[in-house]
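# Fold and geometry: a report
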Amino acid sequence: MIGVFGGTFDPIHFGHLRTALDVYEALGLRELRFVPLNVAVHRAQPVASPEQRLEMVRVAVAQQPGFVVDERELRRQGRSYTVDTLRGLRRELGDTQPLCLLIGADAFNGFPDWHRPGEILGLAHLVVMQRPGTAARYADEARVELQRRRAMRVSQLRSAPAGRIWLQGVTQLAISSTEIRRMLAAGRSPRFLLPDAVLDLVGRAVCYRRQTGRPVAAPTQPVGSEISRRPTDLTPE
Ligand code: ATP
């Protein structure tokens with residue numbers, strides 16, 4: 001089975017990485033693909049550039065076997081619809097490989113309003129990540145879908161390429177990219193909320209500290225990476 005974890009990753013943090021590892025191990029995934037979006041559909045557009053976010057995801061997952069970065073949404077023009085990403089993966093991986101799309105419990109509530117939710121479930125299983133030991137309250141439409149499709153054993157995911165819904169308890173870490181961006185803009189350090197290698201990149205990204213212009217996390221290496229040469233990073237401070 002292959003997992004697909006889409007997100008803005010603006011920046012990627014331990015909330016993403018720890019939950020991803022929880023799912024990877026619980027389901028015995030062969031591979032977990034991190035798919036940074038290009039143009040958001042249901043939310044504000046990212047602050048960091050696609051190249052910056054891609055580099056942050058790359059360094060974040062580099063040390064974890066089985067974690068890979070999938071650039072397809074960044075290469076695609078226009079809005080990043082999950083259904084297009086899954087169609088592309090299906091074309092590459094064939095019709096029989098089970099695909100597991102990871103989404104948060106909140107996102108699952110809004111899932112019926114996504115672009116082509118029925119087709120998404122024809123292409124992948126949904127893995128809904130939730131607080132362990134608690135029953136999340138799902139909206140009516142999502143609850144009906146869950147009752148119809150819920151898998152109670154991992155073997156039920158393995159035995160079909162798509163179409164089931166799995167509830168997975170994951171480590172709760174109250175970390176969000178929004179909060180990290182707020183800290184950066186206020187000149188506070190987000191150290192210990194995200195990997196040090198990501199922190200180094202974040203510290204060089206002027207886009208995250210526009211509001212104050214103050215350095216936020218002393219980079220351990222001099223500015224000079226491909227990312228920091230982007231025009232957005234050359235904005236005078
Ligand atoms: P933002 O604060 O900018 O909205 P975010 O921290 O929620 O960003 P995203 O990149 O938008 O991060 O999230 C990608 C996926 O990761 C979503 O499915 C989201 O539910 C999940 N996610 C984000 N943070 C956590 C966390 N701390 N624990 C579990 N899942 C998370």
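See the structure shown above.
### With respect to the overall build of the protein
- Secondary structure assignment for the protein yields 10 helices and six strands.
- Among the 237 residues that make up the protein, the fraction classed as buried is 50%.
- Intrachain contacts of the protein at a sequence separation of at least 6 include 72% that bridge at least 24 residues.
- Surface summary for the protein: the accessible area is close to 11700 Å², and the carbon and sulfur share equals 50%.

### Brief notes about the sheet that holds strand β1 (residues 2–7)
- Reading across from one edge, β3-β2-β1-β4-β5-β6 is the order of the six strands in this open sheet, with parallel pairing throughout. Edge strands, defined here as strands with exactly one partner in the open sheet, are β3 (67–69) and β6 (165–169). Put simply, the sheet's adjacent strands are angled 30 degrees from each other on average, direction ignored.
- Of the strand pairs in this sheet, β1 and strand β4 (residues 99–104) are connected by three bridges, and their pairing is parallel. Note that in β4 the partner of Ile-2 across the bridge is Leu-99.
- Sheet contacts for helix α1 (residues 14–27): β1, β2 (31–36), β3, β4, β5 (125–130) and β6; angle to β2, the most-contacted strand, approximately 150 degrees.
- In the packing of helix α2 (residues 50–61) onto the sheet, contacts are made with β2 and β3, and the angle to β3 comes to roughly 160 degrees.

### Concerning the packing of aromatic side chains
- Counted by the stated rule, this structure contains seven aromatic pairs.
- Where Phe-5 meets Phe-9, the ring centres are 5.7 Å apart and the plane angle is 80 degrees; that geometry is what we call edge-to-face.
- Taking the relative accessible area as the measure of exposure, Phe-5 reaches 8% and is therefore buried.
- Owing to a relative accessible area of 1%, Phe-9 belongs among the buried residues under this scheme.
- Relative to Tyr-138, the ring of Phe-108 has its centre 5.2 Å away and its plane inclined at 80 degrees; by these criteria the two rings are edge-to-face. Of the two residues, Phe-108 is situated in helix α5 (residues 105–110) and Tyr-138 in the loop between β5 and α7 (140–149); the sequence distance between them amounts to 30 residues.
- In this structure Tyr-138 comes out as buried when scored by relative accessible area, which is 9%.
- One aromatic cluster in this structure is built from Phe-5, Phe-9, Tyr-24, Phe-34 and Phe-67.

### Notes on the site of the ligand
- If you check the shell around the ligand, you find 17 residues, and the closest are His-16, Arg-43, Leu-173, Ser-177 and Thr-178.
- Measuring from an oxygen atom of the ligand, one finds a backbone N or O atom of Ser-177 at 2.8 Å.
- Contacts to the ligand include Arg-181, whose side-chain N or O atom sits 3.1 Å from an oxygen atom.
- Relative to its free-state accessible area of 590 Å², the ligand is covered by the protein chains to the extent of 76%.
- Of all the cavities here, the one that holds the ligand is the largest pocket.
- Of all the secondary-structure elements, those providing two or more residues to the shell around the ligand are β1, α1 and α9 (177–185).

Cut-off values and rules
Residues numbered from 1 in each chain as written. Predicted model: local features only at pLDDT ≥ 70, side-chain atom pairs only at ≥ 80, totals over all residues. Heavy atoms only, no water. Helix = DSSP H or I, 4+ residues; strand = E, 2+ residues; numbered from the N terminus. Buried < 20%, exposed > 50% of the residue type's maximum accessible area, 1.4 Å probe, protein only. Contact = heavy atoms within 4.5 Å. Areas by Shrake-Rupley, 256 points an atom, 1.4 Å probe, with all protein chains shown as cover. Pairing = 2+ DSSP bridges. Axes fitted to C-alpha atoms, helices over the stretch in contact; angles between N-to-C directions. Phe/Tyr/Trp six-rings, centres within 6.5 Å; stacked < 30°, edge-to-face > 60°. Near = heavy atom within 4 Å. Polar contact = N/O pair within 3.5 Å; in protein donor to acceptor, adjacent residues only side chain to side chain. 1 Å grid on protein atoms, 1.4 Å probe; cavity = no way out; pocket = protein on both sides within 12 Å on 5 of 7 lines; lining within 4 Å. Sits in = over half its atoms within 2 Å of the grid points.

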